[in-house]
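Survey of secondary and tertiary structure
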Amino acid sequence: MTPPSDTAPRTAAGTAARPRLLRFTPAERWVHRVTAVLMGLCVVSAACLYVPELAELVGRRALVVTVHTWSGILTPAPVLLGLASRAFRADLGRLNRFGPHDRRWLRAALRRDHRPESRPAGKFNAGQKLWAAYLTGAVLVMTGTGVLMWFTGLAPLVWRTSATFVHDWLALFLGLVLLGHIGKALADPEARRGMRTGRVDPRWAAREHPLWRPEGPRSPQGAEDTAGDSGPAGEPRP
């Protein structure tokens, strides 16, 4: 007897696995990965330059300075290259738009209200939007002040002194916020899986991002990644 046709993947128990939703295209994931590597190099090299114990352990200060300088200058590059992706541009639009549901999410976060119904979110929640806005501004300021510090002939001494002050203190604060971002990611395995593979569990999406309505959400694993190219369908506008 021929078994019925079924294209859904199977689990070890033989039951049909739940189709996973496409959340990020390959271009979006590579932008995130390369940016993370460059920022990691910036943070580690900065620590080796400013913490005496690490500086003594690593040595080769000239090489560390070169790594820090070029990783900092190149940090905006992945985002600029990612603009060639329609899906990435669409996600930038989502991150740049706040609505009433985002204000509700923030009020619930301030009250430490973790009930899913109290934290409505589209593809990105309000915390992720604030993180993206902060990171964009911080990278631009860090890059600008770093260039003034590196190319000493571009500005007078007082400007370079001010740039050094801003660069150092913003770097410290950025490192602390980055640790918080990593902590949030470690606490959510499904979010990490979505960034690693591009797909997430529909139950997770319904709980954490109930206003997100991707097109073609039940396309089989391995299908062409086009769902992320759609606009923010289903998300309320401000």
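Thresholds applied
Residues numbered from 1 in each chain as written. Predicted model: local features only at pLDDT ≥ 70, side-chain atom pairs only at ≥ 80, totals over all residues. Heavy atoms only, no water. Core = buried A, V, L, I, M, F, W, Y, C linked by side-chain atoms within 4.5 Å. Buried < 20%, exposed > 50% of the residue type's maximum accessible area, 1.4 Å probe, protein only. Helix = DSSP H or I, 4+ residues; strand = E, 2+ residues; numbered from the N terminus. Contact = heavy atoms within 4.5 Å. pLDDT = per-residue confidence, 0-100. Expected span 1.5 Å × (residues − 1). Axes fitted to C-alpha atoms, helices over the stretch in contact; angles between N-to-C directions. Left-handed = near helix turned anticlockwise from the far one by under 90°. Nonpolar A, V, L, I, M, F, W, Y, C, P; charged D, E, K, R; others polar. Salt bridge = Lys/Arg side-chain N within 4 Å of Asp/Glu carboxyl O. Phe/Tyr/Trp six-rings, centres within 6.5 Å; stacked < 30°, edge-to-face > 60°. Lys NZ or Arg CZ within 6 Å of the ring centre and 35° of its normal.

1. A few points about the nonpolar core
- Judged by nonpolar contacts, Met39, Trp131, Leu135, Ala138, Val139, Met142, Leu170, Leu174 and Leu178 together constitute the single largest core of 9 residues.
- Here the element with the most residues in this core is helix 7 (residues 126-150); it accounts for 5 residues.
- Ignoring sequence-local partners within four residues, the contact set of Leu170 consists of Tyr134, Ala138, Val141 and Met142.

2. Things to note about the confidence of the model for the protein chain
- Mean pLDDT over the protein chain stands at 82; residues scoring 70 or higher make up 83%.
- Looking over the protein chain, one finds the lowest element-wise mean pLDDT in helix 2 (residues 52-58), namely 81, and the highest in helix 4 (residues 77-82), namely 94.
- When the criterion is pLDDT under 50, residues 11-16 qualifies, and its contacts beyond four places in sequence or with other chains add up to 7 contacts.

3. Considering helix 1 (residues 26-50)
- Taking 1.5 Å of rise per residue, the 25 residues of helix 1 would be expected to cover 36 Å, and the 36 Å separating its terminal C-alpha atoms lies within 8% of that figure.
- Of all the residues in helix 1, the buried ones are Glu28, Arg29, Val31, Thr35, Leu38, Met39, Cys42, Ser45, Ala46, Cys48 and Leu49.

4. Digging into unusual backbone geometry
- Here Arg112, not a glycine, exhibits a phi torsion of approximately 55°, which is positive.
- By secondary structure assignment, the location of Arg112 is in the loop between helix 6 (100-110) and helix 7.

5. Digging into the packing of helix 1 against helix 3 (residues 61-74)
- Between helix 1 and helix 3, whose axes approach to 8 Å, the crossing angle comes to 145°. In the packing of helix 1 onto helix 3, the handedness of the crossing is left-handed. Mapping the contact onto sequence places Leu38, Leu41, Cys42, Ser45, Ala46, Cys48 and Leu49 in helix 1 and Arg61, Val64, Val65, Val67, His68, Ser71, Gly72 and Leu74 in helix 3.
- Taken together, the residues of the contact of helix 1 with helix 3 sort by class into 10 nonpolar, 4 polar and 1 charged.

6. A short note on the pattern of salt bridges
- Throughout the structure, instances matching the rule amount to 9 salt bridges.
- Measuring nitrogen to oxygen at the nearest pair gives 3.0 Å for the salt bridge that ties Arg203 to Asp201.
- Of the charged contacts, one joins Glu208 and Arg207 as a salt bridge, the two residues approaching to 3.2 Å between their closest N and O atoms.
- Glu208 gets classed as partly exposed once you look at its relative accessible area, which sits at 32%.
- Taken together, the shared-partner salt bridges connect Arg20, Glu190 and Arg193 into one network.

7. A few points about the packing of aromatic side chains
- Going through the model one piece at a time under the given rule, you end up with 5 aromatic pairs.
- Here Phe24 and Phe124 contribute two aromatic rings whose centre-to-centre distance is 6.2 Å and whose plane-to-plane angle is 35°, an arrangement assigned as tilted. In this pair, Phe24 is assigned in the loop between strand 1 (21-22) and helix 1 and Phe124 in the loop between helix 6 and helix 7, connecting sequence segments 100 residues apart.
- On the basis of relative accessibility, which here comes to 9%, the residue Phe124 falls in the buried class.
- Consider the rings of Tyr134 and Phe173, whose centres lie 5.9 Å apart with planes at 85°: the pair is edge-to-face. Taken together, the residues span a long stretch of sequence, with Tyr134 in helix 7 and Phe173 in helix 8 (residues 157-186) at a distance of 39 residues.
- A relative accessible area of 24% places Tyr134 in the partly exposed class.
- Residue classification places Phe173 among the partly exposed positions, given a relative accessible area of 45%.
- By way of ring pairs, the aromatic residues Trp131, Tyr134 and Phe173 are connected into one cluster.
- A cation over a ring is seen here: Arg23 above Phe124, with NZ or CZ 5.6 Å from the ring centre.

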